[in-house]
Amino acid sequence: MQEKKITIYDVITKKKEITRKVDTKLIMKAFKLADEKHKGQKRGSGEPYIIHPLNVAYILANIGLDDSTIAAALLHDIVEDTDVTQKDLEVMFGTEIAEMVAGVTKLSTIQFATLEEKQVENYRRMFLAMGKDIRVILIKLADRLHNMRTLKYLSRDRQLANAKETLELYAPLANRLGLYSIKAELEDLGFKYMYPDKYHEIVESINKKKDERLKFIEKIMDDIRVQLKKQRIDAEVTGRAKHLYSIYRKMKRDNSTIDQIYDLFAMRIIVNSVKDCYAALGIVHEMYSPMPGRFKDYIAVPKPNMYQSIHTTLLGENGTPFEVQIRTWDMHKVAEFGIAAHWAYKEANFLGRGKKNVVVTEDKLAWLRETLEWQQELQDPDQFLENLKRELFEDEVYVFTPKGLIKVLPKGATPIDFAYSVHAEIGNHMTGCKINSKMMPIITPLKSGDIVEIITSDNSKGPSLDWLKFVKSASARNKINNWFKREKKAEHIERGKDLIEKEIKRVGMSYDKLFKTDYINAMLNRYKYKDLDEMYAAVGFGANSATKVVARMLIEYRKYNKEEGIEEKIEELSKSRTNKKAKVSSNGIIVKGIDNCLVKLSKCCNPLPGDEIIGYITKGRGVSVHRKDCVNVKDLIKEENRIIEVSWVKEEKATYNVTIEVYANDRSGLLSDVVKEITKTKMNIVGVNAKTGKDRIALIEITVETKNLEELNNIFKAIRKVDSVYEVKRKKI
């Protein structure tokens, strides 16, 4: 089906559907300038370029953004792709619109030492603009959404690059801002191009039983409507299919097939008041049995992106589970449009259900303020991106102070994260903690509902560098790093000088030749250092690399000196930075900060590439690697100083023996059928042991050779297809 071509009149009409007053004159003025300046330019599809800004503006009009944002959306590529300057925009449209356009304009004139540095600087610039005006990121998300909708016209390598960036950065960002409709579409489009085979496999599987599932959910909706009406609760009850990427992630997380994912469809009940939300919850819990552990009250404890709703999973006829979400109309506005609801409903009449303005209070964006704080400290592109992605991902835990205040932390956060979320000085003077009134190690992962009490001492020597291995929040990481920068600055300056001098010698230059005032000032300005000591301290601490600083100095040197070999030196520095690889053990493990040490995979949990892992320094036997969910890890983490960060190497060459336990109702030919399914996956079977109990339950233990977790999951899927099999899992020793 061909996409409808959006016109400027569609944009204005859509805008008028949501807000009464529309500055048509401003929007038309922006469109005419964009149309004139982009004339002759084409997109990858061969269409006139103006189609793109029109679609971006339409997406934003659809979520109710104001006139200035619509104008900025129409103009968002004009400075980057035409002869119009930032100054021109200020004169024609004013500072507000010009600054929004500047926030989404990529850097093109500045030269960078590496491509990664340029990309990160674009992200940094976007985030700084976002801090001044959140609408910048809304334009960027709409821009990315339309580009993803038209990704089919790009080459395969560009499709993969865009899909990866969308899944890792833009979709989590949309989620953080509560823009669930945009987040879902970005994820599904990213999934489609990143993993096309898995995408089409899920689509086909869903379509096979679509009618059956719809019939099931429609009957439940009808029954619920009847009961709500009896109790005189005015409600709208709707059903929707879960988006494909969330299904894929759930299958991957739980090692399950699509037939084992029960909440492919979710039901939504929208009511007029919070009181009606809880009344509706009581009604559905009377009608259907709730599943234990599958209830979340985001009304009492809202998500940081302002999302509020009650989620409950119930058991329908024949024990089939389904999810129900209950919320008010105001909550629904925020759930659909997140932070955009702040502008969208100032004057809007949402589906004829009232005109209440959604207020965005400052604490709702605390995560953004913290992000802007730490991102200014980081010069290293890899570190910046790693922290940014960690901060954006959606999994969170909700923990409490002893006084009952809620702290929202990333999944896997420790009491160290909690202490720093209260105050930097609490973290710096921390000596211990209590979780639910019980003394626990300070690196214990926290669970939602935990009450955490931090024990401090004025005699504390400050944080340990080892804490950086365990903290999950960028804020805590930044505060720990700042403490070490401050306390050991002299030491870092000396180390930084030494590293810079060694790097200069390595490329065959002299310090005196390279460190001239003009080159120094340009480099300091580029990295926002006050003076040379601050730069040396950053390099000595590891916040920036000597390679990057010297590469920047060479770029400045080249501007004033026509000298042979300079280009080669800059290229060599760029390559040396991107090609640095940690030494890998024979079983595919990298031990952070240690080369050539003995590494062994623990027999108690048999970790595989893809598992989350932790390293433990043994006495005389090197580093022992365990899965993070291993039963023995709780005892190991009590000895904090012997825990070390480990990771899997990406190139998987080794094979690993894993024992699988298969539970089934015994029957003739069972073992043969199980072995046959494994053989189809082309996995090598190392050993088989089978026995049947008096209750006629068969236990088959099969040891296979596999390269990673994904291959093992494929074996699990194959075995689950065998008739009479009801459980498949890895054996725990």
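Above: the structure in question.
Here we summarise the structure given alongside this text.

Further remarks concern the sheet that holds strand β8 (residues 430-435). Taken together, 3 strands build an open sheet; the order of strands is β9-β8-β10 and the sheet is antiparallel. Each edge of the open sheet carries a strand with a single partner, namely β9 (438-440) and β10 (452-456). If you compare each strand with its neighbour and ignore which way they point, the axes differ by 35 degrees on average. Inspection of the sheet shows β8 paired to β10 by 5 bridges, in the antiparallel sense. The residue bridging Ile435 from the neighbouring strand is Val452, located in β10.

Locating His146 in the fold gives a position in helix α9 (residues 135-149). Note on His146: relative accessible area 2%, which makes it buried. Not counting residues up to four positions away in its chain, the partners in contact with His146 are Arg43, Ile51, His52, Asn55, Val56 and Ile59.

Let us look at the packing of aromatic side chains. Per the counting criterion, the structure on display carries 13 aromatic pairs. Aromatic pair Tyr180 and Tyr307: ring centres 5.2 Å apart, planes at 75 degrees, arrangement edge-to-face. Here Tyr307 lies in the loop between β3 (289-297) and β4 (310-315) and Tyr180 lies in helix α11 (residues 180-194), a separation of 127 residues in the sequence. For the pair Tyr180 and Tyr307, a shared accessibility class is recorded, and that class is buried. With centroids separated by 4.7 Å and ring planes inclined at 25 degrees, the aromatic side chains of Phe191 and Tyr248 adopt a geometry described as stacked.

With that settled, the discussion passes to the environment of Met509. Position of Met509 relative to the elements: it lies in the loop between α23 (489-506) and α24 (511-514). Put simply, Met509 and Leu554 are 45 residues apart on the chain and 9.5 Å apart in space, counted from C-alpha to C-alpha.

The sheet built from 4 strands is open, its strands ordered β12-β14-β13-β15 with mixed pairing. Because the sheet does not close on itself, it has two edges, and the strands there are β12 (599-601) and β15 (643-644).

Glancing now at the pattern of salt bridges. Considering all chains together, one arrives at 21 salt bridges under this definition. Measuring nitrogen to oxygen at the nearest pair gives 3.0 Å for the salt bridge that ties Glu17 to Lys14. Taken together, the residues Glu17 and Lys14, both in helix α1 (residues 8-18) and 3 residues apart, mark about one turn of the helix. You can call Glu17 exposed: its relative accessible area is 53%.

Taking 1.5 Å of rise per residue, 12 residues should cover 16 Å, and helix α3 (residues 51-62) covers 16 Å from first to last C-alpha, within 8% of that figure. Counted residue by residue, α3 has 10 buried out of 12 residues, so it is predominantly covered. Taken together, the buried positions of α3 are occupied by Ile51, His52, Pro53, Leu54, Asn55, Val56, Ala57, Ile59, Leu60 and Ala61. Here the buried face of α3 lies against α1, α2 (24-37), α4 (67-74), α9 and α11. Gly64, located one to two residues past α3, shows a positive phi value of around 85 degrees.

What counts as what
Residues numbered from 1 in each chain as written. Predicted model: local features only at pLDDT ≥ 70, side-chain atom pairs only at ≥ 80, totals over all residues. Heavy atoms only, no water. Pairing = 2+ DSSP bridges. Helix = DSSP H or I, 4+ residues; strand = E, 2+ residues; numbered from the N terminus. Axes fitted to C-alpha atoms, helices over the stretch in contact; angles between N-to-C directions. Buried < 20%, exposed > 50% of the residue type's maximum accessible area, 1.4 Å probe, protein only. Contact = heavy atoms within 4.5 Å. Phe/Tyr/Trp six-rings, centres within 6.5 Å; stacked < 30°, edge-to-face > 60°. Salt bridge = Lys/Arg side-chain N within 4 Å of Asp/Glu carboxyl O. Expected span 1.5 Å × (residues − 1).

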